[in-house]
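This is what each chain is made of:
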Number of protein chains: 2
Amino acid sequence: MRLSRYFMPILKENPKEAEIVSHRLMLRTGMIRQQSQGIYSWLPLGKRVLDKVNRIIREEQNRSGAIELSMPTLQSAELWQESGRYDAYGKEMLRIKDRQDRPMLYGPTNEEMVTDIFRSYVKSYKDLPLNLYHIQLKFRDEIRPRFGTMRSREFMMKDAYSFDLTQEGAVHSYNKMFAAYLRTFNRLGLRAIPMRADTGPIGGNLSHEFIILADTGESEVFCHKDFVNFDIPGEDTNFDDVAGLKGIFDKWTSIYAATSEMHDEAAFNAIPEVERLSARGIEVGHIFYFGTKYSEPMGAKVQGPDGKEHTVHMGSYGIGPTRLVPAIIEASHDDNGIIWPASVAPFDVVVINMKSGDQACDEACETVYAALSKAGKDVLLDDRDDRAGTKFATADLIGVPVQIIVGPRSIASGEVEVKDRKTGARETMTVEAAIKRLAG
Amino acid sequence: MRLSRYFMPILKENPKEAEIVSHRLMLRTGMIRQQSQGIYSWLPLGKRVLDKVNRIIREEQNRSGAIELSMPTLQSAELWQESGRYDAYGKEMLRIKDRQDRPMLYGPTNEEMVTDIFRSYVKSYKDLPLNLYHIQLKFRDEIRPRFGTMRSREFMMKDAYSFDLTQEGAVHSYNKMFAAYLRTFNRLGLRAIPMRADTGPIGGNLSHEFIILADTGESEVFCHKDFVNFDIPGEDTNFDDVAGLKGIFDKWTSIYAATSEMHDEAAFNAIPEVERLSARGIEVGHIFYFGTKYSEPMGAKVQGPDGKEHTVHMGSYGIGPTRLVPAIIEASHDDNGIIWPASVAPFDVVVINMKSGDQACDEACETVYAALSKAGKDVLLDDRDDRAGTKFATADLIGVPVQIIVGPRSIASGEVEVKDRKTGARETMTVEAAIKRLAG
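Reading the values: the criteria
- Residues numbered from 1 in each chain as written.
- Chains lettered and ligands numbered in written order.
- Predicted model: local features only at pLDDT ≥ 70, side-chain atom pairs only at ≥ 80, totals over all residues.
- Heavy atoms only, no water.
- Helix = DSSP H or I, 4+ residues; strand = E, 2+ residues; numbered from the N terminus.
- Rg over C-alpha atoms; globule rule 2.2 N^0.38 Å.
- Buried < 20%, exposed > 50% of the residue type's maximum accessible area, 1.4 Å probe, protein only.
- Contact = heavy atoms within 4.5 Å.
- Areas by Shrake-Rupley, 256 points an atom, 1.4 Å probe, with all protein chains shown as cover.
- Lys, Arg positive; Asp, Glu negative; His and termini not counted.
- Charge placed at Lys NZ, Arg CZ, Asp CG, Glu CD.
- Least-squares fit on C-alpha atoms with pLDDT ≥ 70 in both.
- Salt bridge = Lys/Arg side-chain N within 4 Å of Asp/Glu carboxyl O.
- Axes fitted to C-alpha atoms, helices over the stretch in contact; angles between N-to-C directions.
- Parallel < 35°, antiparallel > 145°, perpendicular 65-115°, else oblique.
- Left-handed = near helix turned anticlockwise from the far one by under 90°.
- Nonpolar A, V, L, I, M, F, W, Y, C, P; charged D, E, K, R; others polar.
- Buried area = accessible area lost by both parts, 1.4 Å probe.
- Polar contact = N/O pair within 3.5 Å; in protein donor to acceptor, adjacent residues only side chain to side chain.
- Pairing = 2+ DSSP bridges.
- Phe/Tyr/Trp six-rings, centres within 6.5 Å; stacked < 30°, edge-to-face > 60°.
- Lys NZ or Arg CZ within 6 Å of the ring centre and 35° of its normal.
- Domains from an automatic or database assignment.

Caption draft 1: Spatial organisation of the overall build of chain A. For chain A, the helix and strand inventory stands at 14 helices and 23 strands. At 24 Å, chain A has a C-alpha radius of gyration in line with the 22 Å of a compact globule built from 440 residues. For chain A, the proportion of its 440 residues judged to be buried stands at 58%. In chain A, 72% of the contacts between residues at least 6 apart in sequence involve partners at least 24 apart. Summed over its atoms, the accessible surface of chain A is roughly 17,500 Å², and 46% of this surface lies on carbon and sulfur atoms. In chain A, which carries 56 positive and 63 negative side-chain charges, the distance between the mean positions of the two groups comes to 3 Å.

Here it is in structure tokens:
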């Protein structure tokens, strides 16, 4: 992408309304724009990051055996009356009447709808286990939306729903998502710690929140320091291996971790003081096993091997991509701007032309741009007619992992500078060497 | 994907509520499910096709220089009051009040919002031309939604918006989209004919609908038969070439084509009778140039090279992916089911195990499945414990372009049958030859 033809509206000033660093940086880099209170557009730079986050989420859901579909945003109130949540859900549910005066709502979550889909088609235990997920917009009419897309009203959620014949099966489905989440957050460059959690309006009796530690987190969390060194399940994880997944779950729940709601002061104090970690955290995922809470009232049953009807056991599993993007920024930035993990960076490389219009600089930039694009890299070429200093600042601000700096002096000897955004390390090398280094 | 682990709820009976073949086939193959009137879930098979359609749309938008962002579904009424459309738009607009009693709406289109984004950031002609697009859900509260996702209330739209300093620039932007649309529909396996159209509630004075011919089309259309042989702009089309794109536009508008609203009986009758085509059509895209209709009331201006402020010229360009899927089916099916063009087929190949449980069949199927998956193909393996006849019917019904049939008799001599879904042609060959043929 040539920056001269891109739409990346960098703000010169720090936006006053932003209280936390991720919100400030997302506004400054032109990643998002608020359209109404708690409702955002994702501008092109933000959209790129969001797409990459969603791709990783999707790959790990698929790897675990979950199957993607897409449910609509608007739901009929009837479904929610069946589960009893229509009246129970408070003002966060956006209630709508259509032109026929039928009561509708903008889905805040999809347990009812997916249970309706399940009961319409699945009749036998032979079709289980089943895990259906989608990545779809949701709406929760928060009284105080804040922190940009960290807590917005219209937001994106990956929500998966598992169906099993028995509780044991459902626990295995839970463990699949548990392992998939560990892998997902790790690939996003985050260390997320699963913490036993309250089940809230979703209900049920087994639940974990995945929390990343950040000073701006909304919740206070308490855990053992050893989490930092735990191994992440590998790419070769066998999601059908019941004992193996239980081993992963047991390991990751073997030491203390709790949000303030579930905090047990005595248990925490039993940990040697140097191993205690008390911090603030951001919830980036939440998983639930809730048995027959929805399948029972909604009649989601299958015929078992015994020929009898069994109400299925369900769980639900959420990740918020539009919250993950700012969470990643909270975890990875410095005074100059964002530092993207390579897996979600909007571009892999930015080529900085220090002197647009200078023939040697222009040619070298075009060579690098063409070669790396051909190699399948996402390359941003800063070909704007602007001062080199402005370009350096932009590159640092938007946090692309590698910068290739092409200046008139060094290009005279066929050389460019390659800068690592995270460490600041710079290396001078030939154009060819730079291409070879980054095309790999 | 192993069918035994997939969620593809095939219906045995033809659904009674479906009036047209695409609706019937989408329900029968378990591609979609109606959740409320005119509101659909895209089940896994349907989601796969929709994703492939969107990928092609996106690639062609990007190729033409349009830039992707994502605007939200809910909009504030204020924006629409600025343009004057809040009162003008009828009951198709779904009006909502949030918990603070603020008037909102579920966006039926995005001219206002994108103009607001534009005016907030773009101040100079140097940043033009600009074309911003997104692929997002829309809602239009149709009084009579019908034909499945062909005319639903919640639907997906790719909508692009161009901004130019002058009318000439805007016409070039229009021609870019014109060419991009020809390429897009062609890649989707459709022959779409651009027809001069009424501008309706979007407004403006230059507009074309892209229509594909199908017996179930809602509109009557009239055109010259020569359209069938016109060349589609190639992959190497230079979208910056003003004269070149005008040439494409001129060529494709040089002969008669009109919807019934714009039909000129006399002009049509001037065409020799054998060259006249009068048929029914499905609108799959609609493009508009509307000058300053939105930029004027909303104050979207840039500084020109003359130092003065100029109100920008705009156009908008829509394609409905959730309508395109049934449109493709209308154009490509037979009595046995859907016949997907390869570019949007949910799977590239289906491997049919005629006798699941037979060791030789199972092994050959696994070999083919693994080899083609490794080659990057989307492979469906029908490993269900079911009769061969059922599997053949399923494969034909869901319309995967190529079937590899593995039966106990032929596999004894190391051979499988490769069947082309469209022509029905069958060829017997070794397992290795089949892999080689299809991995390419």
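Caption draft 2: Representation of the relation of the copies chain A and chain B in the model. Each copy of the sequence occupies a distinct position, and chain A is placed on chain B by a rotation of 180° and an axial shift of 0.0 Å, giving an RMSD of 0.0 Å. One copy is carried onto the other by what is essentially a two-fold rotation axis. Residue isoleucine 96 of chain A, judged by its C-alpha, is the member of chain A lying nearest the rotation axis, at 3.0 Å. The fraction of interface residues of chain A whose copies in chain B are also interface residues reaches 100%, indicating that both copies meet through the same surface.

Caption draft 3: Molecular detail of helix H12 (residues 388-398) of chain A. Restricting attention to buried positions, one finds in H12 of chain A the residues Ala388, Lys391, Thr394, Ala395, Asp396, Leu397 and Ile398 of chain A. Phi for glycine 399 of chain A, located one or two positions after H12 of chain A, is positive at around 75°.

Caption draft 4: The pattern of salt bridges, seen in detail. Residues and elements named next belong to chain A. Across all of its chains, the model carries 62 salt bridges over all chains by this definition. The salt bridge partner of glutamate 112 is arginine 85, with a shortest N-O separation of 2.8 Å. Taken together, the positions of glutamate 112 in helix H5 (residues 111-121) and arginine 85 in helix H4 (residues 85-88) put the pair 27 residues apart, joining distant regions of the chain. By relative accessible area, glutamate 112 is classed as buried at 0%. Note that lysine 419 and aspartate 396 form a salt bridge whose closest N and O atoms lie 3.0 Å from each other. One end of the pair, lysine 419, is in strand S22 (residues 415-420); the other, aspartate 396, is in helix H12, with 23 residues separating them in the sequence. Within the structure, one salt-bridge network assembled from shared partners comprises Glu59, Glu60, Arg63, Arg183 and Arg187.

Caption draft 5: Region of interest: the packing of helix H11 (residues 359-374) of chain A against helix H14 (residues 431-439) of chain A. Residues and elements named next belong to chain A. As a packed pair, H11 and H14 sit with axes 10 Å apart at the nearest point and diverge in direction by 25°. On the basis of their axis angle, the class for H11 and H14 is roughly parallel. When you trace H11 past H14, the crossing you get is right-handed. Where H11 approaches H14, its residues Ala364, Thr367, Val368, Ala371 and Leu372 are matched on the opposing element by Val431, Ile435, Leu438 and Ala439. Residue classes in the contact of H11 with H14 are distributed as 8 nonpolar, 1 polar and no charged.

Caption draft 6: Highlighting the interface of chain A and chain B. Taken together, the contact between chain A and chain B spans 56 residues of the former and 56 residues of the latter. Approximately 4,700 Å² of surface area, both sides summed, lies buried where chain A meets chain B, with 57% of it carried by carbon and sulfur atoms. The partner of aspartate 116 of chain A in a salt bridge is arginine 33 of chain B, with the nearest N and O atoms 2.9 Å apart. At the junction of chain A and chain B, the tally comes to 24 residue pairs in polar contact (both at pLDDT 80 or more).

Caption draft 7: Local environment of unusual backbone geometry. Leucine 128 of chain A connects to proline 129 of chain A through a cis peptide bond whose omega is 0°. Within the secondary structure layout, proline 129 of chain A lies in the loop between H5 and strand S7 (130-139). Backbone geometry at aspartate 101 of chain A places phi at a positive 70°, although glycine is not the residue there. Structurally, the position occupied by aspartate 101 of chain A is in the loop between strand S5 (94-97) and strand S6 (103-106). Not every positive phi belongs to a glycine, and phenylalanine 147 of chain B is a case in point at roughly 60°.

Caption draft 8: Expanded view of the pairing of strand S16 (residues 313-319) of chain B. All names here are of chain B. Counting buried residues in S16 gives 7 out of 7 residues, a clear majority hidden from the surface. Here S16 shows no split at all, with His313, Gly315, Tyr317 and Ile319 on one side and Met314, Ser316 and Gly318 on the other all buried. Where strand S8 (residues 154-164) meets S16, 7 bridges bridge the pair, whose relative direction is antiparallel. Following the sheet pairing, lysine 158 is matched in S16 by isoleucine 319.

Caption draft 9: Region of interest: helix H1 (residues 21-28) of chain B. Residue and element names in this part refer to chain B. Of all 8 residues that make up H1, 6 are buried, and the element is covered over most of its length. Within H1, the full set of buried residues consists of Val21, Ser22, His23, Leu25, Met26 and Leu27. Turning to H1, the residues buried within the fold contact strand S1 (32-36), strand S2 (39-42), helix H10 (321-331), strand S17 (333-334), strand S18 (337-338) and helix H12 (388-398). Where H1 ends, the next residue or the one after it, glycine 30, has phi of about 70°, a positive value.

Caption draft 10: Summary view of the sheet that holds strand S23 (residues 426-430) of chain B. All names here are of chain B. Pairing is mixed in the open sheet, where 5 strands are placed in the order S20-S19-S21-S22-S23. Edge strands, defined here as strands with exactly one partner in the open sheet, are strand S20 (379-382) and S23. For this sheet, the mean inter-axis angle between neighbouring strands, taken without regard to orientation, is 25°. Two strands pair when backbone bridges link them, and strand S21 (residues 402-406) and strand S22 (residues 415-420) are joined in this way by 4 bridges, in the antiparallel orientation. Within the sheet, the bridge partner assigned to isoleucine 405 lies in S22 and is glutamate 417.

Caption draft 11: Local environment of the packing of aromatic side chains. Across all of its chains, the model carries 37 aromatic pairs over all chains by this definition. Every member of this aromatic cluster is reached through a ring pair, and the members are Tyr174, Phe178, Tyr181, Phe185, Phe210, Phe249 and Tyr317 of chain A. In this structure, arginine 95 of chain B packs its charged tip against the face of tyrosine 86 of chain B, placed 4.7 Å from the ring centre. For lysine 251 of chain B, the ring lying beneath its charged end belongs to phenylalanine 230 of chain B, and the centroid distance is 4.4 Å.

Caption draft 12: Main features of the pairing of strand S1 (residues 32-36) of chain A. Residues and elements named next belong to chain A. Here S1 lies mainly inside the structure; 4 of its 5 residues are buried. Note that S1 and strand S2 (residues 39-42) share 4 bridges and pair antiparallel. Residue pairing in the sheet places glutamine 34 in a bridge with tyrosine 40 of S2. In textbook terms, the turn of a hairpin is the stretch between consecutive antiparallel strands, and for S1 and S2 this stretch comprises 2 residues, one of which, glycine 38, has a positive phi near 70°.

Caption draft 13: Spatial organisation of the sheet that holds strand S19 (residues 349-353) of chain A. Residues and elements named next belong to chain A. Pairing is mixed in the open sheet, where 5 strands are placed in the order S20-S19-S21-S22-S23. Two strands in the sheet have a free side with no partner beyond their single neighbour: strand S20 (379-382) and strand S23 (426-430). Sheet twist, expressed as the mean angle between neighbouring strand axes with direction ignored, is 25°. Sheet topology places S19 next to S20; 4 bridges connect them, and they run parallel. Within S20, the position partnered with valine 351 by the bridge is leucine 381. Strands S19, S20 and strand S21 (402-406) of the sheet are contacted by H11, whose axis makes an angle of about 170° with S19. Along the sheet, H14 contacts S19, S21, S22 and S23; its crossing angle with S23, the most-contacted strand, is approximately 115°.

Caption draft 14: Representation of the domain arrangement of chain A. All names here are of chain A. Domain boundaries in chain A define domain 1 (3-338) and domain 2 (349-439). Once you take the C-alpha centre of each, domain 1 and domain 2 turn out to be 38 Å apart. The interface is formed by 14 residues belonging to domain 1 together with 12 residues belonging to domain 2. Of the roughly 1,100 Å² buried between domain 1 and domain 2, counting both surfaces, carbon and sulfur atoms make up 58%. For the domain 1 face of the interface with domain 2, the top three residues by lost area are Leu3, Asn336 and Ile338, together amounting to 45%. For the interface between domain 1 and domain 2, the tally reads 3 salt bridges. Between aspartate 378 and lysine 52 there is a salt bridge; the shortest N-O distance is 2.9 Å. At the boundary of domain 1 with domain 2, the tally comes to 9 residue pairs in polar contact (both at pLDDT 80 or more). Breaking the side of domain 1 that touches domain 2 down by element, the ones donating at least two residues are helix H1 (21-28), helix H2 (44-63) and strand S18 (337-338). It is H2 that provides the largest number of residues to the side of domain 1 that touches domain 2, a total of 3 residues. Among the residues forming the side of domain 1 that touches domain 2, the class breakdown is 6 nonpolar, 4 polar and 4 charged.

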